[in-house]
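# Per-entry structural report
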Amino acid sequence: MKILLIEDEPAIAKIVSSALRYERMSVDIARCGKAGLRLAVANKYDLIILDYRLPDKNGDEVCTQLRSANFDLPIIILSAIFDSENKVKMLDLGADDYITKPFELTELLARIRAALRKHKIEFGTILSYDDLRMDLKKHSVERQGNKIKLRDKEIRILEYMMRHAEQVLTREMILSYAWGPNTERFTNVVDVHVHHLRDKVDKPFGIPMIQTVNNVGYKLSK
Ligand code: CA
């Protein structure tokens, strides 16, 4: 689960981001609206937490820009402004929720879960790494928003790499994950499948992510 936190107050950014990381979500922090929009365009996030008062733009502007650029991910507003007029405005602009400061972290986490549920993204069913995304329920893979057709074993290998991104995986580890621990197959079957994966997942997008680690195996890395 990848979250973008747009928040200029360092103390709040720190508390919220560590709580989210503790819940095993990955968090990027932007300190102003412009930086937030830049990150939102460059990465694939599952949810955005947006502070209302930012140094350069207000939350309404950022929210409007995201929605008009067709970003349909959940947006949760954090705001010190209590009045319902502002809440109504933000919800009408496309925010999914509005939380007033100060707030309890447990409540924020619960609202994040609710917003994700609403958007039918359940914890653990979506894997994402950089611009690569896998829906384990639907058995589908996307890169940069483009659907990629993969065979079952290719999905299984890629899933393993995504779950252990940035880690070196030996051919034996990959073989055992994708074919089961007692397989009689040789590890070169892994090389063949990784070759096909590269053709589908890396080649069309110009930026290779499946790296060969000499004499050891493979690694998914930016
Ligand atoms: Ca602020």
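The following refers to the structure shown. Note that the structure is a prediction, hence the values are computed from the model and not measured.

## Here we look at the overall build of the protein chain
From N to C terminus, the protein chain includes eight helices and 12 strands. Seen through its principal axes, the protein chain has C-alpha atoms that stretch 65 × 30 × 30 Å. With 222 residues in all, the protein chain has 47% of them scored as buried. Restricting the contact set of the protein chain to residue pairs at least 6 apart, pairs at least 24 apart contribute 56%. Positive and negative side-chain charges of the protein chain, numbering 36 and 32 respectively, have mean locations separated by a distance of 4 Å.

## Section: the coordination of the calcium ion
Around a metal, the perfect tetrahedron of four donors has angles of 109.5 degrees, and the perfect octahedron of six donors has angles of 90 or 180 degrees. Coordination sphere of the calcium ion, protein contribution only: D8 (OD), E9 (OE), D51 (OD) and R53 (O), at 2.1 to 3.1 Å. Written as a sequence motif, the donor arrangement for the calcium ion is D-E-x41-D-x1-R. With a gap of 43 residues between them, D8 in the loop between β1 (2-6) and α1 (10-22) and D51 in strand β3 (residues 47-51) connect regions that are remote in the sequence. Given a relative accessible area of 25%, D8 falls into the partly exposed group. Taking the relative accessible area as the measure of exposure, D51 reaches 2% and is therefore buried.

## Points about the sheet that holds strand β10 (residues 169-170)
With antiparallel pairing, the three strands of this open sheet are ordered in space as β10-β12-β11. Both outer strands of the open sheet, β10 and β11 (210-213), are each paired with one neighbouring strand and no more. As paired strands, β11 and strand β12 (residues 217-220) are joined by four bridges and run antiparallel to one another. In the sheet register, T212 faces β12, and the bridge partner there is Y218. Contacting β10, β11 and β12, helix α6 (residues 152-163) crosses the sheet at an angle of about 65° to β12. Those strands touched by helix α8 (residues 188-202) are β11 and β12, and its axis lies near 145° from that of β11.

## Here we look at the side chain of K101
With respect to the helices and strands, K101 occurs in the loop between β5 (97-100) and α5 (105-118). At 3.1 Å, the side chain of K101 forms a polar contact with the side chain of E7.

## Examining the packing of aromatic side chains
By the definition in use, this model includes one aromatic pair. Geometrically, the ring pair formed by Y160 and Y177 is stacked, given 4.4 Å between the ring centres and 15° between the ring planes. Of this pair, Y160 sits in helix α6 while Y177 sits in helix α7 (residues 171-179), and the two are 17 residues apart along the sequence. Here Y160 falls in the buried class, since its relative accessible area comes to 9%. For K2, the ring lying beneath its charged end belongs to Y45, and the centroid distance is 5.5 Å. Directly above the aromatic system of Y177 lies the positively charged group of R156, at a separation of 4.1 Å from the ring centroid.

## What to know about helix α2 (residues 33-42)
In an α-helix, one full turn covers 3.6 residues, which means residues spaced three or four apart are oriented alike. Those residues of α2 that sit buried are G33, A35, G36, L37 and A40. On the buried face of α2, the contacting elements are β1, β2 (26-30), β3 and α3 (59-68).

## Considerations on the packing of α1 against α5
Between α1 and α5, the shortest axis-to-axis distance is 11 Å and the interhelical angle comes to 55°. It follows that α1 is oblique to α5 by the angle criterion. Viewed along their axes, α1 and α5 form a crossing whose handedness is right-handed. Touching I15, V16, A19 and L20 of α1 are L105, L108, L109 and I112, all from α5.

## Here we look at the nonpolar core
One finds L158, M161 and L220 to be the most contacted residues of the largest nonpolar core, which totals 29 residues. Where this core is concerned, the elements lending two or more residues are β6 (126-129), β7 (132-135), α6, α7, α8 and β12. Top element by residues in this core is α6. It accounts for six residues. Excluding anything up to four places from it in sequence, M161 contacts L169, I174, V194, I210, Y218 and L220. Judged by nonpolar contacts, the second largest core, of 21 residues, contains I6, A40, V62 and M90.

About the criteria used
Residues numbered from 1 in each chain as written. Predicted model: local features only at pLDDT ≥ 70, side-chain atom pairs only at ≥ 80, totals over all residues. Heavy atoms only, no water. Helix = DSSP H or I, 4+ residues; strand = E, 2+ residues; numbered from the N terminus. Buried < 20%, exposed > 50% of the residue type's maximum accessible area, 1.4 Å probe, protein only. Contact = heavy atoms within 4.5 Å. Lys, Arg positive; Asp, Glu negative; His and termini not counted. Charge placed at Lys NZ, Arg CZ, Asp CG, Glu CD. Donors = N, O, S within 2.8 Å, 3.2 Å for Na, K, Ca; no water. Pairing = 2+ DSSP bridges. Axes fitted to C-alpha atoms, helices over the stretch in contact; angles between N-to-C directions. Polar contact = N/O pair within 3.5 Å; in protein donor to acceptor, adjacent residues only side chain to side chain. Phe/Tyr/Trp six-rings, centres within 6.5 Å; stacked < 30°, edge-to-face > 60°. Lys NZ or Arg CZ within 6 Å of the ring centre and 35° of its normal. Parallel < 35°, antiparallel > 145°, perpendicular 65-115°, else oblique. Left-handed = near helix turned anticlockwise from the far one by under 90°. Core = buried A, V, L, I, M, F, W, Y, C linked by side-chain atoms within 4.5 Å.

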